Amino acid sequence: MDEIRIGLLLPTREAHVHGWDARRILDVARRAEALGFASLWAGDSLRRPRYEPLSVLAAVAAVTERATLGTAALMPAFRQPLGAAASLASIDALSGGRLVVAVGAGFPGLSEDELALVGVPYERRFRWLDDVVALWRAVWSSEPPSDFDGDVLHLDWLPDIPRPYRPGGPPVWLAGATPAALARTGRRYDGWVPYPPDPADFESGLASLRSAASDAGRDADDITPALYLTVVVDDDPERGRKTAEEWCLRWYELPFEMVSAIQAFVIGSAAHVAAGIARYIDAGARHVVVRMASVDTEGDLALVADAVLRSQPRI
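Definitions and limits used
Residues numbered from 1 in each chain as written. Predicted model: local features only at pLDDT ≥ 70, side-chain atom pairs only at ≥ 80, totals over all residues. Heavy atoms only, no water. Helix = DSSP H or I, 4+ residues; strand = E, 2+ residues; numbered from the N terminus. Rg over C-alpha atoms; globule rule 2.2 N^0.38 Å. Buried < 20%, exposed > 50% of the residue type's maximum accessible area, 1.4 Å probe, protein only. Areas by Shrake-Rupley, 256 points an atom, 1.4 Å probe, with all protein chains shown as cover. Contact = heavy atoms within 4.5 Å. Phe/Tyr/Trp six-rings, centres within 6.5 Å; stacked < 30°, edge-to-face > 60°. Lys NZ or Arg CZ within 6 Å of the ring centre and 35° of its normal. Salt bridge = Lys/Arg side-chain N within 4 Å of Asp/Glu carboxyl O. Lys, Arg positive; Asp, Glu negative; His and termini not counted. Polar contact = N/O pair within 3.5 Å; in protein donor to acceptor, adjacent residues only side chain to side chain. Axes fitted to C-alpha atoms, helices over the stretch in contact; angles between N-to-C directions. Parallel < 35°, antiparallel > 145°, perpendicular 65-115°, else oblique. Left-handed = near helix turned anticlockwise from the far one by under 90°. Nonpolar A, V, L, I, M, F, W, Y, C, P; charged D, E, K, R; others polar.

> Which parts of the structure should I look at to understand the overall build of the protein chain?
Counting secondary structure elements, the protein chain contains 12 helices and 11 strands. For the protein chain, the C-alpha radius of gyration of 19 Å lies close to 20 Å, the compact-globule estimate for 315 residues. Here the C-alpha coordinates of the protein chain stretch approximately 60 × 45 × 40 Å along the principal axes. For the protein chain, with 315 residues in total, the buried portion stands at 53%. For the protein chain, the exposed area adds up to about 13800 Å²; of that, 51% sits on carbon and sulfur atoms.

> Sorry if this is basic, but what is going on with the environment of Gly176 here?
By the element assignment, Gly176 lies in the loop between β7 (172–174) and α7 (179–188). Through-space distance from the C-alpha of Gly176 to that of Val308 is 23 Å; in sequence the pair is 132 residues apart. Not counting chain neighbours up to four residues away, the residues in contact with Gly176 comprise Ala181, Trp192, Val193 and Pro194.

> Any chance you could explain the packing of aromatic side chains here in plain terms?
Each pair of aromatic rings is reported with the distance of its centres and the angle of its planes. All chains considered together, the criterion is met by 9 aromatic pairs. An angle of 40° between the planes, with centres 5.6 Å apart, marks the rings of Trp41 and Trp173 as tilted. Of this pair, Trp41 sits in strand β2 (residues 39–42) while Trp173 sits in strand β7, and the two are 132 residues apart along the sequence. A relative accessible area of 0% means that Trp41 is categorised as buried. The structure contains a cluster of three or more aromatic residues connected by ring pairs, namely Trp247, Trp251, Tyr252, Phe256 and Phe265. Over the ring of Tyr189 we find Arg137, and its NZ or CZ is 5.8 Å from the ring centre.

> Teacher, can you tell me more about the environment of Ala84 here?
Assignment of secondary structure puts Ala84 in helix α4 (residues 81–94). What makes Ala84 buried here is its relative accessible area of 5%. The residues contacting Ala84, other than those within four sequence positions of it, are Arg79 and Trp136.

> Can you help me understand the pattern of salt bridges in this one?
Opposite charge on two side chains permits pairing when their charged atoms draw close. The full count for this structure, using the stated rule, is 12 salt bridges. The salt bridge partner of Arg166 is Asp92, with a shortest N-O separation of 2.7 Å. Of the two residues, Arg166 sits in the loop between β6 (154–155) and β7 while Asp92 sits in helix α4, which places them 74 residues apart along the sequence. When its relative accessible area of 22% is taken as the criterion, Arg166 is described as partly exposed. Since its relative accessible area comes to 0%, Asp92 is described here as buried. Linking Asp130 and Arg188 is a salt bridge whose minimum nitrogen-to-oxygen distance equals 3.5 Å. Of this pair, Asp130 sits in helix α6 (residues 125–140) while Arg188 sits in helix α7, and the two are 58 residues apart along the sequence.

> Please explain the side chain of Thr12 as it appears in this structure.
Assignment of secondary structure puts Thr12 in helix α1 (residues 12–17). Judged by its relative accessible area of 1%, Thr12 is buried. Setting aside anything within four residues of it in sequence, one finds Thr12 in contact with Ile25, Ala42, Gly43, Arg50, Tyr51 and Val56.

> For this particular structure, what's the right way to read the side chain of Arg291?
Assignment of secondary structure puts Arg291 in strand β11 (residues 287–292). Here Arg291 sits buried without a salt bridge, and the closest side chain of opposite charge, Glu14, lies 7.2 Å off (N-O distance). Here the side chain of Arg291 touches Thr230 through a polar contact of 2.8 Å, side chain to side chain. At a separation of 2.7 Å, a polar atom in the side chain of Arg291 contacts the side chain of Tyr252. Setting aside chain neighbours within four positions, we find Arg291 in contact with Leu9, Tyr228, Leu229, Thr230, Val231, Trp247, Tyr252 and Gln263.

> Just checking my understanding: could you explain unusual backbone geometry for this structure?
The omega torsion of the bond from Ala72 to Ala73 falls at -10°, within 30 degrees of zero and hence cis. By the element assignment, Ala73 lies in strand β3 (residues 68–74).

> Teacher, can you tell me more about the packing of α4 against α6 here?
Two numbers describe how α4 lies on α6: the axes approach to 10 Å, and their chain directions differ by 50°. Regarding the angle of α4 to α6, the classification is oblique. Pair α4 / α6 crosses with right-handed handedness. The segment α4 lies against α6, with Pro81, Leu82, Ala84, Ala85, Leu88 and Ala89 engaging Trp128, Val132, Leu135, Trp136, Val139 and Trp140. Its residues assigned to classes, the contact of α4 with α6 shows 12 nonpolar, no polar and no charged.

Just geometry here; none of it tells us what the structure is for.
Rendered as structure tokens:
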């Protein structure tokens, strides 16, 4: 049976918004690893302020030993492509090959102004994303090319980039669940990290992804099926729902009903949360990235760890 891994999204936004000493993020990372979380993740946004994910993961690499370090999800458009390639290779090297790079191209209705700010045309965002990832893989390879001629990126010469720990560089996953994203993942990417509200949608999406991989001559088993899941652990379901409602209004300025129609949530007792995660695992998920819908991230960490790590023995 495939190994199931449960990871934690670090509170990079909470720390910024609540004015924490940023080093508390490192305390959460150390504690999460000790509690048994297999991976630690950092998000990315220009619209919603948070500590910058690559800087955070470089610091987390120095205070952890075993956990995978990941971006969930990085927006490559926000960064100069070759500078990002060097930063990612450096984190992979400093962490001893523990980095996973999940990437995204933005979300309709939310990312248009972010992309305009950095000069990437919204209608070309997927072509830009694929080119940047292809460029990264080229400069991370054992024999980097002297130039790069992509769909939208054309570079006459390429500098030497620091060597990543792993040959070929860290795996690159794609965040997205549209038919185009599924086909793109099957053809090009090393993993998939969506957040569908219904496990049945995860299962059908995974089937489409695997079909696309097969059509492209790839082994679908080489593509990691992951999930981005928001949880509230509370023995009182009504109170848990209220917590989720307040959290969605705080972070998204949108009601829970609207957010939960797009994103996966599990709310309830520890046993209920474990069962909810297990349903996604039954649908094919093999790496679950848990986001805590909680203001008291540190105080709830042990409670959430107990709940989400319970999902593993069922496998």
